[in-house]
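Structural description and commentary
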Amino acid sequence: MSLPIVKKIDIHAHATPCRALVPVNAATPHVTPEELLAFYDQLGIEKGVLLPLCSPEYHYYPVTSVDMKQLADKHPDRFVWFCNVDPRAARNNPKTDLSEVLNFYKSIGARGMGELTAQLPIDDPLMDNLFYHCGECDMPVTIHIATMKDPYGYYGIRDDLGLPRLEKMLKKHPKLTILGHSQAFWAEMGADADDENRKDFPQGKITEGRIPKLMREYPNLWCDLSANSGMNALTRDPEYAARFIEEFSDRILYGCDICSPTNVHQFEMNDWLEKMHADNMISEENYYKFVRGNALRLLKLEDR
Ligand SMILES: [Zn+2]
């Protein structure tokens, strides 16, 4: 039995305009908008949310909010965009009025903020300030979490095992919607997360970890299930995944996080969803919410 035809929305997209002008790794070149759209046609994706990457921890060069707006303007039926503001921007000051820049980006079409990758503790005063202003401006934030124990070699906002700093911010900023993402976020799906496997993709059956507990307690936490990390959190234990999808069906978001034309995980995720549907482990209603409906609601997009 094949899946109902629902045009998907990719909550987590990257694209590098003018790849010829940026230094790239020849083995895994960054994906261009045209390559991304070719993937979308194969995967049944109507549109994606372009996320800039502005912090230097990610790469040599930034992909800016302006780049993403220009791409979305060029392909208005296929892309919307988030802005990205580094929490250290404009004087490295926890009192900077970031609402000014966030409201500006919002006024020209940004539908959220992220992917947030600065290597700062999640409860650093600079991060606290950014979260406060995102909440005030009604801008959902996509976060990439890294560990506290590894100061070098990673990108992402930093938290300890168990995500206590994330919890502190979820509690302090109830108006803020946070979209959780990355290995260190999704490793906490199970109770077996530890300082080593949270940098990676823990395997095996799941005994509930911190993510389902945080989801239950904080309605402002949503799930970005893109990339190998989000996919692994579901596919490692399909029976648990079915219960998770059912319980949190209003706050789960399908995504790809395609970074390079060499990526294949997005096809594995499609196959897995087909199988879950064929095995009656995901209802049509929840499938629709996961791959489309929740994103429409979050992004304030009209269904067509
Ligand atoms: Zn990403």
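Just so we're clear, the structure is a prediction, and the values are computed from it rather than from any experiment.

On to the sheet that holds strand β3 (residues 79–81), then. Read across the sheet, three strands follow the order β1-β2-β3 without closing on themselves; strand pairing throughout is parallel. The open sheet has two edge strands with one neighbour each: β1 (8–13) and β3. Taken over all neighbouring pairs, the strand axes of this sheet differ in orientation by 25° on average, direction set aside. Relative to β3, strand β2 (residues 45–50) runs parallel, the two being bridged by three bridges. What sits directly across from Leu50, in β3, is Trp81.

What follows is about the coordination of the zinc ion. Only His12 (NE2), His14 (NE2), Glu115 (OE) and Asp257 (OD) from the protein coordinate the zinc ion, and they sit 2.0 to 2.8 Å from it. For the zinc ion, the four donor atoms in the first shell make angles of 83 to 170° at the metal, so the coordination geometry reads as irregular. Donor residues for the zinc ion sit on one chain with the sequence pattern H-x1-H-x100-E-x141-D. Taken together, the residues span a long stretch of sequence, with His14 in the loop between β1 and α1 (33–43) and Glu115 in strand β4 (residues 113–116) at a distance of 101 residues. With respect to class, His14 is no different from Glu115; both count as buried.

With respect to the helices, strands and loops of the structure, His133 is situated in helix α4 (residues 125–136). When sequence neighbours within four positions are dropped, the list of residues in contact with His133 reads Thr96, Asp97, Leu98, Ser99 and Leu102.

What counts as what
Residues numbered from 1 in each chain as written. Predicted model: local features only at pLDDT ≥ 70, side-chain atom pairs only at ≥ 80, totals over all residues. Heavy atoms only, no water. Pairing = 2+ DSSP bridges. Helix = DSSP H or I, 4+ residues; strand = E, 2+ residues; numbered from the N terminus. Axes fitted to C-alpha atoms, helices over the stretch in contact; angles between N-to-C directions. Donors = N, O, S within 2.8 Å, 3.2 Å for Na, K, Ca; no water. Tetrahedral: all angles 85-135°; square planar, octahedral: opposite > 155°, others 65-115°. Buried < 20%, exposed > 50% of the residue type's maximum accessible area, 1.4 Å probe, protein only. Contact = heavy atoms within 4.5 Å.

Keep in mind these values describe shape, not function.
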